[in-house]
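# Overview (structure and organization)
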Amino acid sequence: MELKLVEILLEKYLEGTSSIAEEKQLKAYFSSNEVATHLVQYKPLFGYFNNQKEEQFTKTLPLKTKKQSSVKWIGVAAAIVILFGTISYFYNNNDNSDADLGTYSNPEKAFVETQKALEMLSEEVNHGVESVAILKEYDKTKKTIFK
C-alpha cells in the first residue's frame, strides 16, 4: 500500500470520517511488518483491535436471580400503613369540625374573654420577672463574696 494513501486514510480515521472498508485497509497495513517509521506509534492501536477480537469471555454467569419478593412486600405493607394512617387522620379530624374554636359572635363577650387571657399571660410574665430579680440578687451577693 502506498505511504501517501495510508496517511490519507489515517487522517480520515482520526477525524472519524473513514468508511469500514478504509478502516479494514488500515488494520491490514498496521498488522503487516512493513509499517513506516513515523507511523509506528499507531500500530498498537490497530493491533489492540485484533487482539480484542480474539479474546473470549470465560467467566460463568449466575442464572438464578436474587429473590426480591420480600422487598416488594415490605413496600406494599408500607403503602398500606400510610394509606390507613391517612384515612384515619382525615376521618378523625372531620369528627372534630363542629368543635368550639374560641370564636364569639358577641363582641362584648369576646372582649371579656380576651381580657381574661391577657391577664393570665401577664401573671405568668410577672412571675418570670420575679424569678429574674432573684437571680440578679444572687449575682450581686456572689460578687460581694468572691471579690
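A brief look at the structure comes next. (Residues numbered from 1 in each chain as written. Predicted model: local features only at pLDDT ≥ 70, side-chain atom pairs only at ≥ 80, totals over all residues. Heavy atoms only, no water.)

### Looking at the overall build of the protein chain
- Along the protein chain, the regular secondary structure elements total five helices and zero strands.
- Each helix (α) and strand (β) of the protein chain, taken in turn from the N terminus, gives the series α-α-α-α-α.
- Counting the 147 residues in the protein chain, one finds 9% classified as buried.
- In the protein chain, the share of contacts with a sequence separation of at least 24, taken over all contacts with a separation of at least 6, comes to 36%.
- Total accessible area on the protein chain stands at roughly 13,500 Å², and carbon and sulfur atoms take up 60% of it. (Helix = DSSP H or I, 4+ residues; strand = E, 2+ residues; numbered from the N terminus. Buried < 20%, exposed > 50% of the residue type's maximum accessible area, 1.4 Å probe, protein only. Contact = heavy atoms within 4.5 Å. Areas by Shrake-Rupley, 256 points an atom, 1.4 Å probe, with all protein chains shown as cover.)

### Brief notes about the nonpolar core
- Val6, Leu9, Leu10, Tyr13, Leu26, Tyr29, Phe30, Val35, Ala36, Leu39 and Phe46 form the largest nonpolar core, which has eleven residues in total.
- Elements with a contribution of two residues or more to this core: helix H1 (3-15) and helix H2 (20-31).
- Sequence-distant contacts of valine 35, that is, excluding residues within four places in its chain, are made with Tyr29, Phe30, Val40 and Lys43. (Core = buried A, V, L, I, M, F, W, Y, C linked by side-chain atoms within 4.5 Å.)

The quantities given are spatial measurements derived from coordinates; they are silent on function.
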